[in-house]
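Chain by chain, the residues:
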Amino acid sequence: MCGIFGVCGYEEAALSCIHGLYYLQHRGEKQWGICTTSAGEYDRFNLIKKMGKVEASEYDILKLKGNIAIGHVRYPTAGPADLDNAQPHIVLDPPLMYCANGDIVNYTDIRNNLEKKGVYFSSRNDGELEAKYLAYLIQRGKSPVDAIVQLMNDIEGAFSAILVYKGRMYAFRDKMGIRPIVYGMRKRNSHTSWIVSSESCGLDVIKAKFVGEIKPAEIIVFSPNSEPKTYDVSKKIRKPVRHCSHCVFECIYFARPESNIFNLSVYRFRKLLGSYLAKQITGCRQENSIVGSVPDSSNVAALGFHQESGIPLEFMLIRHHSTGRTFIASKDEREEKARLKYNPVRAVIRDKDVYVVDDSIVRGTTSRKIVRMLKNAGAKTVNLCISSPPIRFPCFYGIDTPTKAELIASSERLYDERKIQEFVEADHLEYLTLENLKNVIRDCGQNPEDFCFACMDGKYPTRLPAYKKSGCKGHCQ
Ligand code: SF4
């Protein structure tokens with residue numbers, strides 16, 4: 001999963017873009033990149049790509065001239081973690097720049113077709129495929145809007161994207177709206193610039209006003225010094241979908257809590273997760289009990305659990321911030337990080353019945369480390385409360401859930417909840433039910449039918465090629 005950011009119509013577009021990317025850093029920290037251009041010199045691009053977290057020097061910023069900038073933070077799900085696979089991508093004929101978030105499932109078919117027509121690729125990255133496909137269509141006479149419509153029709157899976165072509169910035173997403181994308185505006189000295197971001201927190205940091213979501217089957221075209229133009233292309237979609245398929249896992253774990261995505265507040269969503277979870281556990285022991293989070297992603301759910309149950313909230317695990325996010329680390333790094341990342345506060349844990357709230361159990365090994373850590377710190381009992389249903393199936397749309405064989409709750413492992421409880425060594429294990437997850441969505445004013453739950457119920461919103469069904473997560477054929 002990744003983050004994208006775009007600025008159109010501001011002289012120091014690169015600096016604003018870097019600030020926006022800082023606030024999207026939680027979406028990927030393996031590579032990052034920025035590309036700039038000017039509306040008047042639209043065939044000249046200034047591109048930097050780097051490994052690691054966003055960190056730009058004065059020299060970088062001087063180099064990145066232009067009043068249009070797009071940027072990307074990457075966490076690799078398909079394609080290696082190198083600079084060829086980092087984004088943004090530029091194409092020289094016709095000149096365009098492009099970045100996107102999300103994985104597509106028919107990558108191999110589209111790439112094979114384009115290669116037969118002489119299109120050359122330098123990476124295994126979905127974003128490069130989409131950029132080259134758009135370039136191919138534009139070169140053959142399609143307008144950028146028509147080329148994007150064809151992309152929406154031919155490419156299956158998740159993409160929230162920004163294209164810059166001839167001094168205009170086009171923002172759009174796949175027809176199911178799987179990954180988030182929002183836009184906003186900023187006024188300075190009677191000058192208006194337009195901003196596109198994966199999450200609304202990217203707008204806040206540069207003091208841009210949130211305008212709204214970019215809807216599925218909608219293309220918004222931004223130009224410096226003029227109002228954006230919105231194209232509703234829903235009538236041109238060959239196989240229209242009745243509902244969106246927003247990734248519910250963005251709301252549970254990935255997005256920042258202060259963000260608004262999919263027309264809901266992530267903070268409110270997570271608080272409700274905790275509240276429903278507490279309601280599920282009848283007979284929580286009040287006296288001698290404490291509730292706490294596995295920081296930071298379950299902080300708000302733990303608050304909701306506390307407010308619903310009345311059990312005192314304590315910061316029982318202190319996180320070391322320089323270790324980064326566990327979920328987006330590689331497998332080896334993840335094992336090591338879980339050990340280094342948290343330190344228990346013995347003074348509040350000792351002799352207590354501990355309710356510890358976490359967002360998910362993936363392989364089970366991190367959860368077991370946390371349970372052991374709390375027991376070693378003197379907890380009388382450890383009750384593991386998970387603010388999502390069991391993750392039973394892999395994701396093919398850009399979240400790095402492991403293969404079926406590695407997921408502890410997968411149908412292949414045949415681990416029921418009792419067996420998982422034994423594996424993680426908890427005294428009690430409670431998952432949020434799928435029905436209560438849907439109740440949270442309803443309480444946030446949205447329709448559960450507009451969300452994807454495929455990693456929980458196996459109902460994928462797109463067709464899957466055979467090699468994906470067999471468990472391959474990458475573009476392996
Ligand atoms: S399968 Fe799960 S992680 Fe992937 S898009 Fe659907 S809800 Fe999100």
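Every value quoted in this text rests on a predicted model; they were computed, and no experiment measured them. One numbering rule holds for all chains: residues counted from 1, following each sequence as written. Two thresholds apply to this predicted model, a pLDDT of at least 70 for residue-level local features and 80 or more for giving and counting side-chain atom pairs, whereas whole-chain, interface and lining totals are computed over all residues. Hydrogens and water molecules were not included; the side-chain quantities draw on all heavy atoms of the structure.

**Side note on helix α14 (residues 434–443)**
An α-helical segment advances 3.6 residues per turn. Residues three or four places apart therefore align on the same side.
1) Next: Every buried residue belonging to α14 is among N436, L437, N439, V440 and I441, and all of these are buried.
2) Next: We call two residues in contact whenever any of their non-hydrogen atoms come within 4.5 Å of each other. Helical segments are the DSSP runs of H or I of at least four residues, strand segments are the runs of E of at least two, and each set is numbered from the N terminus. Where α14 is buried, its residues contact α7 (248–254), α8 (266–280), β23 (451–452) and α15 (454–457).
3) Next: Just downstream of α14, G445 is the residue with a positive phi angle, here 80°. Summary of the burial criterion: residues with accessible area below 20% of their type's maximum are buried, those above 50% are exposed, and those between are partly exposed, where the area comes from a 1.4 Å probe applied to protein chains only.

**Details of unusual backbone geometry**
1) Next: Put simply, Q87 and P88 share a cis peptide bond, and its omega is 5°.
2) Next: When you line up the elements, P88 lands in the loop between β4 (68–74) and β5 (89–92).
3) Next: In this chain, P295 is followed by D296 through a cis amide linkage whose omega measures 0°.
4) Next: Looking at the element boundaries, D296 is found in the loop between β17 (289–293) and α9 (299–309).
5) Next: In the Ramachandran plot, K166 falls in the positive-phi region, its phi being about 50° despite a non-glycine side chain.
6) Next: Mapped onto the fold, K166 is located in the loop between β7 (160–165) and β8 (168–173).
7) Next: The phi dihedral of N288 is positive, around 70°, even though this residue is not glycine.
8) Next: On the secondary structure map, N288 appears in the loop between α8 and β17.

**Some remarks on the domain arrangement of the protein**
By a widely used convention, the size of an interface equals the accessible area lost when the partners come together.
1) Next: When the domains of the protein are assigned, the result is domain 1 (3–245) and domain 2 (266–445).
2) Next: An automatic or database domain assignment supplies the residue ranges for each domain. For domain 1 versus domain 2, the separation of C-alpha centres amounts to 34 Å.

**Remarks on the side chain of Q31**
1) Next: Its place among the elements puts Q31 in strand β2 (residues 31–38).
2) Next: Polar contacts, as used here, are pairs of N or O atoms within 3.5 Å; protein pairs need one atom able to donate a hydrogen and one able to accept it. Residues neighboring in sequence count only if both atoms are side-chain atoms. A distance of 3.0 Å separates a polar atom in the side chain of Q31 from the backbone oxygen of A81.
3) Next: Each residue touching Q31, except ones within four places of it in the same chain, is listed here: K50, M51, G52, H72, V73, R74, A81, D82, L83 and A86.

**Some remarks on the side chain of N85**
1) Next: Its place among the elements puts N85 in the loop between β4 and β5.
2) Next: Within polar-contact distance, the side chain of N85 engages the backbone nitrogen of R124 at 3.0 Å.
3) Next: From its side chain, N85 meets the backbone nitrogen of N125 in a polar contact 3.2 Å long.
4) Next: Those residues in contact with N85, other than ones at most four positions away along the chain, are R74, G79, P80, S123, R124 and N125.

**Topic: the site of the ligand**
1) Next: Around the ligand, a shell composed of I178, R179, C247, V248, F249, C395, Y397, I399, C452, A454 and C455 is seen.
2) Next: Of all elements in the fold, only α7 and α15 reach the threshold of two or more residues within the shell around the ligand.
3) Next: Three categories are distinguished: nonpolar for Ala, Val, Leu, Ile, Met, Phe, Trp, Tyr, Cys and Pro, charged for Asp, Glu, Lys and Arg, and polar for the others, with Gly belonging to the last. Partitioning the shell around the ligand into residue classes produces 10 nonpolar, no polar and one charged. Near is defined per residue: the residue qualifies when any heavy atom it owns lies within 4 Å of the molecule or strand.

**Examining the sheet that holds strand β3 (residues 41–51)**
1) Next: Ordered by their spatial adjacency, seven strands build an open sheet running β3-β2-β4-β1-β10-β9-β11, and the pairing between neighbours is antiparallel. In this open sheet, the two strands that pair with only one neighbour each are β3 and β11 (209–213). Adjacent strand axes in the sheet meet at a mean angle of 15° when their direction is disregarded.
2) Next: If DSSP finds at least two bridges between two strands, the strands pair. The pairing of β2 with β3 spans seven bridges and is classified as antiparallel. Each bridged residue has a counterpart across the sheet, and for Q31 the counterpart in β3 is M51. Interaxial angles span 0 to 180 degrees and are taken between N-to-C directions of axes, which are lines fitted to C-alpha atoms, for helices over the stretch in contact.

**Description of the pattern of salt bridges**
1) Next: Any Lys or Arg side-chain nitrogen found within 4 Å of a carboxyl oxygen on Asp or Glu counts as a salt bridge. Within this structure, the stated rule accounts for 19 salt bridges.
2) Next: The salt bridge involving E199 is made with R27; its shortest N-O contact spans 2.8 Å. On the criterion of sequence distance, the pair formed by E199 in the loop between β10 (191–197) and α6 (201–205) and R27 in the loop between α1 (13–22) and β2 is long-range, its members being 172 residues apart. Both residues of the pair, E199 and R27, count as buried.
3) Next: A salt bridge links E156 to R463; the shortest N-O distance between them is 2.8 Å. Here E156 is found in the loop between α5 (144–154) and β7, whereas its partner R463 is found in the loop between α15 and α16 (466–469), with 307 residues between them in sequence.
4) Next: Of the residues examined, E156 reaches a relative accessible area of 22% and is grouped as partly exposed.
5) Next: Each of the salt bridges in this network shares a partner with another, and the network as a whole consists of R27, R179, E199 and E250.

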